[in-house]
Amino acid sequence: IPSDAEKETLIIPIIYAKYNPSLSIEILKRNQRRTMEQNLLGRVSLITGASTGIGRAAALSLARRGSHVVINYNKNRKEALETEKKARCFGVKTLVVRANVGKEKDVKEMVKKAVKEFKKIDILINNAGGPVKRSSFLKCTEKVWDEVMALNLKGTFLCSREVLKQMVKQKT
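Calculation notes
Residues numbered from 1 in each chain as written. Predicted model: local features only at pLDDT ≥ 70, side-chain atom pairs only at ≥ 80, totals over all residues. Heavy atoms only, no water. Helix = DSSP H or I, 4+ residues; strand = E, 2+ residues; numbered from the N terminus. Expected span 1.5 Å × (residues − 1). Contact = heavy atoms within 4.5 Å. Buried < 20%, exposed > 50% of the residue type's maximum accessible area, 1.4 Å probe, protein only.

J.: So what exactly am I meant to see when it comes to helix H4 (residues 53-64) here?
T.: The terminal C-alpha atoms of H4, which comprises 12 residues, lie 17 Å apart, in line with the 16 Å expected from a rise of 1.5 Å per residue. Lining the buried residues of H4 we find strand E1 (44-47), strand E2 (68-73), helix H5 (77-88) and strand E4 (123-125). Looking at the residues trailing H4, positive phi occurs at glycine 66, about 100°.

Now the structure itself:
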């Protein structure tokens, strides 16, 4: 059985296919993924809600593929800085920006900072969202409802609009 180093080359999977076709296919898929990963080298990704959870995972996945990342957070700066620390391990540039995505002024400022730092934005991941305050539907106040809608819907609209304006300027 070949060593892992031998399996990583492009020639070995073809030779090895005779003995273990399923492993050969997996190795070829892995090499194909590596090639696709390189397509993000030098790209700039803005991820909202990137301090924890799915947003952090998205930021780290993009960084692993070579994309510089703009890490948005609203409340948890400590976790956002942890995301930044982990992303930098992949050799990419990062920018941490606090912004409430439900507020137009914050979103415009966030996009402005990202463009000032990186000169462009190639990828937007609208991840920020969730409940503002946990309560039953019958006990939900109009104020809480408005906050939830601002975070989950308005934020996506505002971020998409501002980033799209930039992308149109970039012709991407």
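J.: What's the story with unusual backbone geometry in this structure? I'm lost.
T.: Peptide bonds are, in most cases, trans, and in most cases residues other than glycine have a negative phi. A positive phi angle, close to 70°, is found at lysine 119, a residue other than glycine. Note on placement: lysine 119 falls in the loop between helix H6 (104-118) and E4.

J.: What am I meant to see in the side chain of histidine 68 here?
T.: By secondary structure assignment, the location of histidine 68 is in strand E2. Beyond its immediate sequence surroundings of up to four residues, histidine 68 is in contact with Gly42, Arg43, Val44, Ser45, Val92, Lys93 and Phe118.

J.: Sorry, what's going on with the environment of alanine 63 here?
T.: Considering the arrangement of structural elements, one finds alanine 63 in helix H4. Alanine 63 sits in the buried class, given a relative accessible area of 0%. Between the C-alpha atom of alanine 63 and that of threonine 94, which follows or precedes it by 31 residues, the distance is 8.9 Å. Sequence-distant contacts of alanine 63, that is, excluding residues within four places in its chain, are made with Val69, Ala87, Phe90 and Val92.

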